[in-house]
Amino acid sequence: MLEGLNSPQRQAVSHPGGPLLVIAGAGSGKTRVLTTRIAWLIRECGVAPESILAFTFTNKAAREMRQRVDQMVPEAQGRCWIGTFHSTGVRILRSEGHRLGYDRFFTIYDADDSRALLKKIVQDLELDTKQYSPRQLGSEISGHKNHFRSPEQVMATSITPRDQKVAEVYAEYGRRLRENGAMDFDDLIAKTVELFEDHREVQERYSQRFEHVLVDEFQDTNPLQLVMVRALSARHGNLCAVGDDDQSIYSWRGATVENMLGFEEYFPGSTLVRLEQNYRSTSLILEAANAVIAHNRRRKGKTLWSDRSGGAPIELWWAEDEHEEGRKIRDRIGRLLAETDARRRDIVVLYRTNAQSRAVEDALRRESIPYQIVGGTRFYERREVRDLLAYLKCVQNPADSVSFARILNVPKRGIGKTSASRFFELAQRMGTVSDALSDRGRLLSSCGKAAAGRLAAFGQLLQSLRRLAENADAAAVLRQVIEATKYENYLREDDPTTADDRLENVYELVNAAEEFSVESDEPGLGPFLESVALLAEVDKMSDETDQVTLMTVHNAKGLEFPYVFIAGCEEGLLPHASSLEDDDQLEEERRLFYVALTRAEEAVFLTASAMRRRFGSSEPAAASRFVGEIPEELVAEMGGLAFGSRFQAPRSLGERRWNSISTSAPAKRPRRSRDQGVSADALADAQAFLRSRARSKARARKEVADHGFEDHDLTQEELCYRVGARVEHELLGEGVIEEIEGVGDLLRLTVSFGERGRKRILARYARLRLLDTEAGAQ
DNA sequence: GTCATTGGGATTTTT
DNA sequence: TCCCAATGAC
Ligand SMILES: Nc1ncnc2c1ncn2[C@@H]1O[C@H](COP(=O)(O)OP(=O)(O)OP(=O)(O)O)[C@@H](O)[C@H]1O
């Protein structure tokens, strides 16, 4: 079993017991060690499979781990508990949640449901929805939960009046979730922890049961999850955690590397194992990744090497806009497929934001290159899908008022705002929604004749669906919902232009339910809703079909591909504009880039675009500083004809910016007009510009309008351009510069070519030659 | 109660 | 650019 493993890997796999932390860089076999250790424990140490609990980051990772363990130790046969924190929480709460007053199949609220509930609360508490947006509140409350802070604690430590209000909302939110018999995502872990605290005997039982607890991707666990891990491993103290602090990319979700760095403190007497050999990537890729991540200050350095010497240089492609970027990616993919033995499934296109997938998709589609997209507008977030799921949740859980409110008048059944709010008042007085629905008399007196009739009819619909659900499987209930509500007609009438798409989604949901009903040994509504709620995007990723994969860097965590494209290597995108002001956030962006690079086995292709469409208008972009942090000799700048080498290489621009940014802040200085020359510390303006862009789009626009780019950092070549200078163009011949806008890659010149007319061109692509340099130079 | 129009906000990342 | 929520006319 230890065959093929290196020495520290073996040490970790065969570690006898007690807390073990494996810290190691990307591709060093952490996951493999964890998997093998599970098999080792069963086979060599005689540990019963059901006494093993392993946490993975996604259900997909769990599935793969389970498969591999089963391969190595057939007798394990899926008897180990391997799953995400959330699915493990659900599993425990399903059998123990009654102690906290929850039904076996409590409803799981997704982010949308939570927001709907928060919105209601904000309205009921008469707070300003601008200042307390459900979205913002949701993430604040989630943060509190993930840091293991109760509403009372938040209240006690609140400073501003707003903090207090947030604490109030938090407390009320918890009460209403409970009233609705529902938990949000965070509760799946928080309530498990609560269960263990309030019922020590339950905690004792579970921690007795799990002789060994293992955690993958430990750097992205949050304090709440740490509490859960500690509770579960308390009895035997056999915890094996693996992680890489340089790959921590979920701090915005409450994750903290402190869990790893403070391991010895939380689990005294722990053993530390480091893995230093990478088996995934060429050494060129590793060298690049190591160089980039070395720029992070807040890290414990580590060694990572590969004996896969050499490797193809990292290609850097420039495009004028995201469409061209998409085409270049597609063309390069086409060449890979034609010229190497790469299959489509060997290729992934990674990006920072989901919105970037669009341009790549368009390009791939035009050449009919099959692709799958992971994430983005999620299937289960589509309105029609959510409507139908809300019906199912409502059928399953009569107390779920959020789902009820969603479907009360969908499809339209003549119960408008007024009737609805009258009804909810009545329901509040009577205790539950379903009681109110079946009380004809009170309905009549509260809501009037017409509405009362409609409400009662709706109540009967729900009742009949509930009766059906007692015996039928999820698919049957779903089909009945669609039929009874004439949902297909509703979609067709509601908006004929989108009806086809939406109907397709409806059928896909039916399909999913049917598949579930056939495959699952518990085909009922409750288990189906549970599986839907826990499904992550990568879980649905197909490994079978041969297609190119598109996804965010976050989703690519833990995966590997021979060929990796990283699109949008631009300031403001990667690093993202919202992370530029804060060092910690900036370092997380760098880790993100590191994660992206280290997914690759054979080759990396970076692309960036000079212009990027955002909110419908094109905005300029500059090279990502991270690209500049890769040693120059590892990068091959591509682009052919359009990219004049006489002009400043864009990646150097990124480098320059970064270098200057890390020096002390430049003093304010007088503005100068562009043809007077350049200021030495124009960088500050560039930064300020990016910052302001992050702050407010409108303000940023104004800033551009007010003083354009004239004060930004200029390159050597740009220095030489000035209005009135004479230049020569390869095709157009001689001309005179009339106007200069932009900076760096985006430097645009308006040049008058006499009879050939006036052209506005990007300097980088134009291949201009200055004719009278002394006139242009300072 | 329903439908159309308008205006404002959104894109950072997700279990 | 697109999507939603709020507003107002019928
Ligand atoms: N001793 C080994 N010999 C050969 N290949 C190995 C060895 N250990 C790991 N590998 C391979 O290296 C690759 C990376 O392994 P694995 O995914 O376990 O690394 P990881 O540390 O979890 O990576 P990441 O941190 O990027 O998630 C896998 O393809 C794995 O099969």
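Not measured: the values here are computed from a predicted model.

**Student:** Sorry, what's going on with the pairing of strand S12 (residues 548-552) here?
**Tutor:** Regular strands place side chains that alternate from one sheet face to the opposite one. Burial analysis of S12 places five of its five residues in the buried class, the great majority of the element. Both faces of S12 are covered, namely the face carrying Val 548, Leu 550 and Thr 552 and the face carrying Thr 549 and Met 551. Examined bridge by bridge, strand S10 (residues 347-351) and S12 share four bridges and lie parallel to one another. When the sheet's bridge partners are listed, Leu 350 is paired in S12 with Met 551. Inspection of the sheet shows strand S11 (residues 371-373) paired to S12 by three bridges, in the parallel sense. Within S12, the residue paired with Gln 372 across the bridge is Thr 549.

**Student:** How do you make sense of the pattern of salt bridges when you look at a structure like this?
**Tutor:** Oppositely charged side chains can pair when the atoms bearing their charge come close. Per the stated rule, a full pass over the model turns up 50 salt bridges. Asp 346 is the partner of Arg 343 in a salt bridge, and the nearest nitrogen-oxygen pair spans 3.0 Å. Given the relative accessible area of 10%, Asp 346 is considered buried. Here the salt bridges do not stand alone but share partners, grouping Asp 110, Asp 112, Asp 113, Arg 115, Arg 386 and Lys 393 into one network.

**Student:** Is there a simple way to think about the side chain of Lys 191 in this case?
**Tutor:** Structurally, the position occupied by Lys 191 is in helix H9 (residues 187-198). Other than its neighbours up to four places away in sequence, Lys 191 contacts Leu 93, Leu 100, Tyr 102, Arg 178 and Met 183.

**Student:** Sorry, what's going on with the protein's contact with DNA strand B here?
**Tutor:** Not every one of the 28 residues close to DNA strand B is listed here, only the nearest: His 86, Arg 135, Arg 352, Ser 419 and His 576. Asn 354 is positioned with one of its backbone polar atoms (N or O) 2.9 Å from a phosphate oxygen of DNA strand B. Here a base nitrogen of DNA strand B and a side-chain polar atom of Ser 578 are 3.4 Å apart. Among the elements that line the surface near DNA strand B, the one with the most residues is helix H19 (residues 417-430), at three residues. For the surface near DNA strand B, the class distribution of residues is six nonpolar, 14 polar and eight charged.

**Student:** Is there a simple way to explain the sheet that holds strand S9 (residues 314-319) in this structure?
**Tutor:** Paired through backbone hydrogen bonds, the strands of a sheet run either parallel or antiparallel to each other. A sheet is described by the order of its strands in space; here seven strands give the open sequence S11-S12-S10-S13-S14-S9-S17, paired in parallel fashion. Each end of this open sheet is capped by a strand with a single partner; those strands are S11 and strand S17 (635-637). Taking the axes of each pair of neighbouring strands and ignoring which way they run, one obtains an average angle of 25 degrees across the sheet. Sheet analysis places S9 next to S17, joined by three bridges and oriented parallel. If you follow Ile 314 over to S17, its bridge partner there is Val 635. Against the sheet, helix H16 (residues 357-366) contacts S10, S11 and S12, and its axis sits at roughly 160 degrees relative to S11. Sheet strands in contact with helix H27 (residues 583-597) are S10, strand S13 (561-566) and strand S14 (600-609), and its direction is about 130 degrees off that of S14.

Conventions we followed
Residues numbered from 1 in each chain as written. Chains lettered and ligands numbered in written order. Predicted model: local features only at pLDDT ≥ 70, side-chain atom pairs only at ≥ 80, totals over all residues. Heavy atoms only, no water. Buried < 20%, exposed > 50% of the residue type's maximum accessible area, 1.4 Å probe, protein only. Helix = DSSP H or I, 4+ residues; strand = E, 2+ residues; numbered from the N terminus. Pairing = 2+ DSSP bridges. Salt bridge = Lys/Arg side-chain N within 4 Å of Asp/Glu carboxyl O. Contact = heavy atoms within 4.5 Å. Near = heavy atom within 4 Å. Polar contact = N/O pair within 3.5 Å; in protein donor to acceptor, adjacent residues only side chain to side chain. Nonpolar A, V, L, I, M, F, W, Y, C, P; charged D, E, K, R; others polar. Axes fitted to C-alpha atoms, helices over the stretch in contact; angles between N-to-C directions.

These values are about where atoms sit, not about what they do.
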